[in-house]
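Now for the letters of each chain:
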Amino acid sequence: MDIQRLIGIGGSEWIKGEHHRIYFNLDIMTEMIGLDLSFYKTGNIQSARLNGETISNSKAKGLLMSINGKFWYDVKNDKWGCKDMNVDRAREIKQAILAKLEV
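What about the sheet that holds strand β1 (residues 12-16)?
Sheet architecture is open: four strands sit in the order β1-β2-β6-β7, paired in antiparallel fashion. Each end of this open sheet is capped by a strand with a single partner; those strands are β1 and β7 (79-83). If you compare each strand with its neighbour and ignore which way they point, the axes differ by 30 degrees on average. Examined bridge by bridge, strand β2 (residues 19-24) and strand β6 (residues 70-74) share four bridges and lie antiparallel to one another. Counted as the bridge partner of Arg21 is Asp74 from β6.

Regarding the pattern of salt bridges
Taken as a whole and judged by the stated rule, the model has three salt bridges. Of the charged contacts, one joins Glu92 and Arg89 as a salt bridge, the two residues approaching to 2.6 Å between their closest N and O atoms. Here Arg89 and Glu92 lie together in helix α4 (residues 87-102), a separation of three residues that amounts to about one turn. When its relative accessible area of 32% is taken as the criterion, Glu92 is described as partly exposed.

Here's the deal with the environment of Ile55
Residue position: Ile55 is located in the loop between β5 (53-54) and α3 (57-66). Separated by 17 residues in the primary sequence, Ile55 and Ser38 have C-alpha atoms spaced 12 Å apart. Apart from the residues lying within four places of it in its own chain, the contact partners of Ile55 are Leu35, Ala48, Arg49, Leu50, Ala60 and Leu63.

A closer look at the pairing of β6
Sheet faces and side chains relate simply in a regular strand, where the side chains alternate between the two faces. With four of five residues buried, β6 lies mostly within the body of the structure. As paired elements, β6 and β7 share five bridges and run antiparallel to each other. Counterpart to Asp74 in the pairing with β7 is Lys79. Between β6 and β7, which follow one another and run antiparallel, lie four residues, and Asp78 among them has a positive phi close to 50 degrees.

Considerations on α3
When we look at burial in α3, the residues that qualify are Ala60, Leu63, Leu64 and Ser66. For α3, the angular spread of buried residues about the axis comes to 160 degrees, placing them on one side. Exposed residues lying more than 90 degrees from the buried face of α3 are Ser58, Lys61 and Met65. In the core, the buried residues of α3 are packed alongside α2 (26-32), β3 (35-39), β4 (45-50) and α4.

About the cut-offs
Residues numbered from 1 in each chain as written. Predicted model: local features only at pLDDT ≥ 70, side-chain atom pairs only at ≥ 80, totals over all residues. Heavy atoms only, no water. Pairing = 2+ DSSP bridges. Helix = DSSP H or I, 4+ residues; strand = E, 2+ residues; numbered from the N terminus. Axes fitted to C-alpha atoms, helices over the stretch in contact; angles between N-to-C directions. Salt bridge = Lys/Arg side-chain N within 4 Å of Asp/Glu carboxyl O. Buried < 20%, exposed > 50% of the residue type's maximum accessible area, 1.4 Å probe, protein only. Contact = heavy atoms within 4.5 Å. Arc of directions from axis to C-beta.

This is the structure we're talking about:
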């Protein structure tokens, strides 16, 4: 896996001890699943679109909660990982990242 390309699409490199990972933040993950959100100053969702189609704020909140965790690529083990997030959504994000790398 090309680490520089992962960083180039928004990943953040983290190295500590024997660990070497590329983490993806919530903004990158929402982009990868096609979720576009705008928020009120209170932090509540004002409007939401999924792949260009308007969706309800409650559906958007559910999608947001499904990716509200940690997602990374483990450089040393050549594996993808996640914590505190929906595993199916993690697979979707991984596939979107890999597709973006192929472009």
